[in-house]
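What the coordinates show
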Amino acid sequence: MRLIVAFPTGASQILGLLVGEKLGAALGQPVVPDFRTGAGGNLAAELAAKAPADGHTLLLTSPSLVISPSLYKKLGYDTMRDFAPVTMLSTVPNVFVIHPSVPAKNISELIKLAKAHPGKMSFGSGGVGSSNHLAGELFKSLAKVDILHVPYKGASIALTHILGGEAEMVMVTVPATIPFINSGRLRGLAVLVPERLPTLPNVPTTAEAGMPELVINTWYGLFAPAGVRPEILQRISAETAKFMHTPEVGKQLAASGLIPSTSTPAEFTGFVRADM
């Protein structure tokens, strides 16, 4: 089996290698990760959409699959027509971080600073249409501030530039930021989830910071080309749920800040439709 993975680093890489190993063992045949990056996940999606619907090709991707149709006039796939959602795999909480040179200790102070200097501050993202780009735009809309968007070729690259002081802030997955927040190289203003996280116990939630609408959870899931027989989808979903919720895998994912979150094909289909 071929597992097309839309992104080469971070949570996608961790999950791609894990699913390849564990699902292959469960099904009794090799599941080979095929990292196909580019165009914000659209290259991998188009490749998977055109694959035979024989159950031998899967796509592992992120919210890019439901975001892209709102951003691009022409895509090589239709999310709801060309894919059969199999199961969600994991969610990853995000955190709002700023460079410590910014004289703001919380979101309220940052908003005051941004309003005092319209257009002078900037936030980084992993590219136009990425979840951290949309998170930044949501913050701007809620706070009614003018902050420049600086897109990079990936969230990890954006984070590197924030660390270097080239942009002031970014909203990015928690695992990538923990060592920098703990060392003081970044300041965590808020986690973008309803409850505080054990990995960042001293960082408040956005609700505690006065902006409860700013909740962005990144998810990762498995898809098959449309037309794959339902019993095949059910088998893959069931086998995935078994290994994703074992103590061994749970411990491995927790070390990277990932939260196992599986679903049936029907449940995942409903989630994807609602997310779009």
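The structure this text deals with has already been given above.
Presented here is a report on the structure given in the accompanying data block. (Residues numbered from 1 in each chain as written. Predicted model: local features only at pLDDT ≥ 70, side-chain atom pairs only at ≥ 80, totals over all residues. Heavy atoms only, no water.)

1. Observations regarding the overall build of the protein
Check the secondary structure of the protein and you find eleven helices and ten strands. Taken against the 2.2 N^0.38 rule, which gives 19 Å for 276 residues, the C-alpha radius of gyration of the protein at 19 Å falls within 12% of a compact globule. Oriented by its inertia axes, the alpha-carbon framework of the protein measures out at about 60 × 45 × 30 Å. Across the 276 residues that make up the protein, the buried fraction comes to 51%. (Helix = DSSP H or I, 4+ residues; strand = E, 2+ residues; numbered from the N terminus. Rg over C-alpha atoms; globule rule 2.2 N^0.38 Å. Buried < 20%, exposed > 50% of the residue type's maximum accessible area, 1.4 Å probe, protein only.)

2. Here we look at helix α1 (residues 10–27)
Residues three or four positions apart in an α-helix share a direction because the helix packs 3.6 residues into each turn. Helix length check: α1 (18 residues) gives 26 Å between terminal C-alpha atoms against 26 Å at 1.5 Å per residue, within 8%. For α1, every residue scored as buried is listed here: A11, S12, L15, G16, L18, V19, G20, K22, L23, G24 and L27. A positive backbone phi angle near 75 degrees is found at G28, which sits one or two residues after α1. (Expected span 1.5 Å × (residues − 1).)

3. Comments concerning the packing of aromatic side chains
Applying the stated criterion to the full structure yields eight aromatic pairs. Judged by centre distance (5.8 Å) and plane angle (75 degrees), the rings of Y77 and F83 are edge-to-face. The exposure class of Y77 is buried, given its relative accessible area of 6%. Through successive ring pairs, a cluster of aromatic residues spans Y77, F83, W219, F223, F268 and F271. (Phe/Tyr/Trp six-rings, centres within 6.5 Å; stacked < 30°, edge-to-face > 60°.)

4. Comments concerning the side chain of S237
With respect to the helices and strands, the residue S237 is situated in helix α9 (residues 230–244). For S237, a relative accessible area of 5% corresponds to the buried category. If sequence neighbours within four positions are ignored, S237 has contacts with V86, T87, S263, T264 and P265. (Contact = heavy atoms within 4.5 Å.)

5. Examining the nonpolar core
Of all hydrophobic cores here, the largest spans 28 residues; its most connected members are L58, L60 and L222. Among the secondary structure elements, those contributing two or more residues to this core are β1 (2–5), α1, β3 (57–61), β4 (83–98), β9 (217–225), α9 and α10 (247–254). Among the elements that line this core, the one with the most residues is α1, at six residues. Contact partners of L222, with chain neighbours within four places excluded, come to L3, V19, L58, L59, L60, P85, V86, T87, L89, I236, T240 and F268. Judged by nonpolar contacts, the second largest core, of 25 residues, contains L192, M211, L214 and I216. (Core = buried A, V, L, I, M, F, W, Y, C linked by side-chain atoms within 4.5 Å.)

6. Overview of the environment of A176
Mapped onto the secondary structure, A176 falls in helix α8 (residues 174–183). By relative accessible area, A176 is classed as partly exposed at 32%. For the pair A176 and D78, spaced 98 residues apart in sequence, the C-alpha separation works out to 31 Å.

7. Quick word on the packing of α1 against α10
Here α1 crosses α10 at 165 degrees, and the two axes come no closer than 12 Å. Looking at the two axes, α1 sits roughly antiparallel to α10. You can see that α1 and α10 cross each other, and the crossing is right-handed. Between α1 and α10, the contacting residues are I14, L15, L18 and K22 on the first element and E248, V249, Q252 and L253 on the second. Residue classes in the contact of α1 with α10 are distributed as five nonpolar, one polar and two charged. (Axes fitted to C-alpha atoms, helices over the stretch in contact; angles between N-to-C directions. Parallel < 35°, antiparallel > 145°, perpendicular 65-115°, else oblique. Left-handed = near helix turned anticlockwise from the far one by under 90°. Nonpolar A, V, L, I, M, F, W, Y, C, P; charged D, E, K, R; others polar.)

8. Overview of the pattern of salt bridges
Per the counting criterion, the structure on display carries ten salt bridges. Close ionic contact of R81 with D82 constitutes a salt bridge, the shortest N to O distance being 2.9 Å. For R81, a relative accessible area of 58% puts it in the exposed group. Accessibility expressed as a relative area gives 15% for D82, which makes it buried. (Salt bridge = Lys/Arg side-chain N within 4 Å of Asp/Glu carboxyl O.)

9. Here we look at the environment of A39
Tracing the chain through its elements places A39 in the loop between β2 (32–35) and α2 (42–49). Distance in space between the C-alpha atoms of A39 and L189 is 30 Å, their sequence separation being 150 residues.

10. Quick look at unusual backbone geometry
Although it is not a glycine, K144 sits at a positive phi angle of roughly 55 degrees. Counting through the fold element by element, K144 comes out in the loop between α6 (131–143) and β6 (148–151). The class of K144 is exposed, set by a relative accessible area of 68%.

11. Focus on the pairing of strand β5 (residues 122–125)
Judged by which residues are buried, β5 turns out to be covered on both faces: S122 and G124 on one side and F123 and S125 on the other are all buried. Handedness of the β-α-β unit built from β5, α6 and β6 comes out right-handed. (Right-handed = clockwise from strand over helix to strand, strands pointing away.)

12. So, the pairing of β4
Of all the 16 residues making up β4, 16 are buried; the element is thus mostly covered by neighbouring parts of the structure. Here β4 runs beside β9; their pairing, made up of nine bridges, is antiparallel. Counted as the bridge partner of V92 is T218 from β9. As paired strands, β4 and strand β10 (residues 259–260) are joined by two bridges and run antiparallel to one another. Considered in β10, the bridge of S90 is made with P260. Note that β4 and strand β7 (residues 169–173) share five bridges and pair antiparallel. (Pairing = 2+ DSSP bridges.)

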